[in-house]
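Coordinates in review
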Amino acid sequence: MNKKPGSQTKLKKDVLEQSLCTGCGACVSLCPYQVVYHDRTVQLHDCDLTDGKCYAFCPRTPADYGQIRESLFDVSEVTPEIGAVKGYYLSRAADPALRAKAQHGGTVTGLLEVAIAEGLIDSAIVSSRNEELEQEGRLIEAKSQLCDYAKSKFTVSPTVAAFNRLMGDTVRKVGVVATPCQALALAKMKTAVISNDSKINQLNLVIGLFCGWTLSVESFHRLLQQYQISPEALTGMDIPAGKNILELYTNESVTSVSMAEVDACVRTACHYCIDSTAEFADLSVGAARFGGDCDEMRGWNQIIVRSELGKQVMELAVDRGALEIREAPASALQNLKNAAAEKKRKALKNIIEKSRSVKNLLYLNSDDPVVRKYLSIDKKRKGKS
Ligand SMILES: Cc1cc2nc3c(=O)[nH]c(=O)nc-3n(C[C@H](O)[C@H](O)[C@H](O)COP(=O)(O)OP(=O)(O)OC[C@H]3O[C@@H](n4cnc5c(N)ncnc54)[C@H](O)[C@@H]3O)c2cc1C
Ligand code: SF4
Ligand code: SF4
């Protein structure tokens, strides 16, 4: 009789060998057999467990994503483009010193500070650079240290592995800053039958980041080399609104790199990703895009409030004077939805090109209403042309 393949074997075949691995870290540190080596997920040994958490939690294995949405959010608030929207604003941290250290408005760090100060969480997992100049998740307990980990690093950070490492730890209330694929992995952990693990209750808050792509560390370091920038010297990076460039900052200079060069460094898995706004987080934060000038916009974020908890955290932050919010112009929400819809269309097109069949959507399911919507839009477009 043929033995059923183990979960790890399936993960290898369905995700790693398909170049679908986002590097989220959700399958790492659950057992000794799966690790991150540079920005690759590596299997050190074969495990034949057939109901492994690695496969269940991976954001690139099939699941009933509609069901996950239903169990975490108010379905009447779910939009096809950007997931659940309870509220949508422009926001920034009230403290100018925090804003100066942050990527944009410092909303993410400001929210975490308030959540710790008010006891909603007692620690937060953010992204930190390790000795090999790669990103990894790090648990921070002191509110005053959070701003040292602010700013976006556009290379992969296997942040969820830090949450897995913590799972055997003493009881905590943890907040995690997560890219969309990481927020999805955490949502799968919360809702998977297999998890049934009281330790997941330690996850008290997920703050999602908007995300267009991440860069492969190897390719990005090669790119830096071309511009004679050492990875150690890099103090920040940003994509200014309306400009098709990536800016690289050091203490001495600002270097502009064309998007064509950046595109060549994008991790392959990102081309198959349909989520740009972290649809499975409690709150999602991105760069502000509104009619103002570029410098003004850099100091603000867009924030999507998704869950009751997210609403509570944002209201608390405003009430305590830590966060400033203002109404976003209707056009900003529409522009965000248009950009998010475009990412979905492109990713589905790439998925179908890869599988060579509209019936095989790799990790997605054509019965999912969101997927169905974008498949049918594409069919209509083709019909017209
Ligand atoms: C890979 C990546 C791609 C992004 N793409 C877009 C985009 O296309 N459009 C858009 O509007 N916004 C994008 N963002 C989000 C944006 O860059 C800001 O993170 C967001 O606007 C929040 O700004 P802030 O000032 O509130 O953040 P801050 O207060 O500076 O906090 C940023 C937080 O993000 C964490 N972090 C940094 N790098 C990573 C990482 N690689 N993985 C996980 N966590 C990390 C930090 O540790 C910190 O906690 C992206 C972010 C990342 C990391
Ligand atoms: S996407 Fe995440 S969970 Fe899936 S194989 Fe890669 S690192 Fe592991
Ligand atoms: S584009 Fe998608 S797959 Fe790539 S890092 Fe962002 S959320 Fe993850």
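**Topic: the site of ligand 2**
Close to ligand 2 lie 15 residues, the nearest being C21, C24, A26, C27 and C58. Of the residues forming the shell around ligand 2, the biggest block, three residues, is contributed by helix α1 (residues 7–16). For the shell around ligand 2, a count of residues per class yields ten nonpolar, four polar and one charged.

**Considering the site of ligand 3**
Close contacts around ligand 3 come from T22, T179, P180, C181, C211, W213, T214, A269, C270, C273 and D275, and that covers them all. Each residue belonging to the shell around ligand 3 can be placed in one class, and the counts come to seven nonpolar, three polar and one charged.

**Here's the deal with the sheet that holds strand β15 (residues 323–327)**
In space, the eight strands of this open sheet follow the order β7-β6-β8-β9-β13-β14-β5-β15, with mixed pairing throughout. Only two strands of the sheet have a single neighbouring strand rather than two, namely β7 (135–140) and β15. Neighbour to neighbour, the strand axes of the sheet diverge by 30° on average, direction disregarded. As paired elements, strand β5 (residues 87–93) and β15 share five bridges and run antiparallel to each other. Among the inter-strand pairings, L90 is bridged to a residue of β15, identified as R326.

**What about the sheet that holds strand β12 (residues 254–258)?**
Across the sheet, three strands lie side by side as β10-β11-β12; this open sheet has antiparallel pairing. Two strands close off the open sheet at either side, each with one partner strand: β10 (236–238) and β12. Neighbour-to-neighbour, the strand axes of this sheet turn through a mean angle of 20°, independent of strand direction. In this sheet, strand β11 (residues 245–249) lies alongside β10 in antiparallel orientation, the contact comprising three bridges. Among the inter-strand pairings, M237 is bridged to a residue of β11, identified as L248.

**Considering the domain arrangement of the protein chain**
Note on interface size: it is often stated as the accessible area lost on association of the parts. Domain boundaries in the protein chain define domain 1 (73–214 + 269–384) and domain 2 (217–263). Relative to domain 2, the C-alpha centre of domain 1 lies at a distance of 23 Å. At the junction of the two partners, domain 1 supplies twelve residues and domain 2 supplies ten residues. For the side of domain 1 that touches domain 2, the residue count by class is six nonpolar, three polar and three charged.

**Things to note about the packing of helix α3 (residues 65–72) against helix α7 (residues 180–191)**
Running from N to C, α3 and α7 point in directions that differ by 75°, and their axes come no closer than 10 Å. Judged on the interaxial angle alone, α7 and α3 are roughly perpendicular. Here α3 contributes I68, S71 and L72 to the contact with α7, which in turn contributes A187, K188 and T191. For the contact of α3 with α7, the per-class residue count stands at three nonpolar, two polar and one charged.

**Let's talk about the pairing of strand β1 (residues 34–37)**
As paired strands, β1 and strand β2 (residues 40–43) are joined by four bridges and run antiparallel to one another. By the bridge assignment, Q34 is partnered in β2 with Q43. Between the end of β1 and the start of β2, which pair antiparallel, lie two residues, with H38 showing a positive phi angle near 50°.

**Observations regarding unusual backbone geometry**
In this model, K151 sits at a positive phi of 80°, which is unusual for a non-glycine residue. Mapped onto the fold, K151 is located in the loop between β7 and α6 (159–166). The exposure class of K151 is partly exposed, given the 19 C-beta atoms found within 10 Å.

Conventions adopted
Residues numbered from 1 in each chain as written. Chains lettered and ligands numbered in written order. Predicted model: local features only at pLDDT ≥ 70, side-chain atom pairs only at ≥ 80, totals over all residues. Near = placed C-beta within 6 Å. Helix = DSSP H or I, 4+ residues; strand = E, 2+ residues; numbered from the N terminus. Nonpolar A, V, L, I, M, F, W, Y, C, P; charged D, E, K, R; others polar. Pairing = 2+ DSSP bridges. Axes fitted to C-alpha atoms, helices over the stretch in contact; angles between N-to-C directions. Domains from an automatic or database assignment. Contact = placed C-beta atoms within 7 Å. Parallel < 35°, antiparallel > 145°, perpendicular 65-115°, else oblique. Buried ≥ 20, exposed ≤ 12 C-beta atoms within 10 Å, placed from the backbone.

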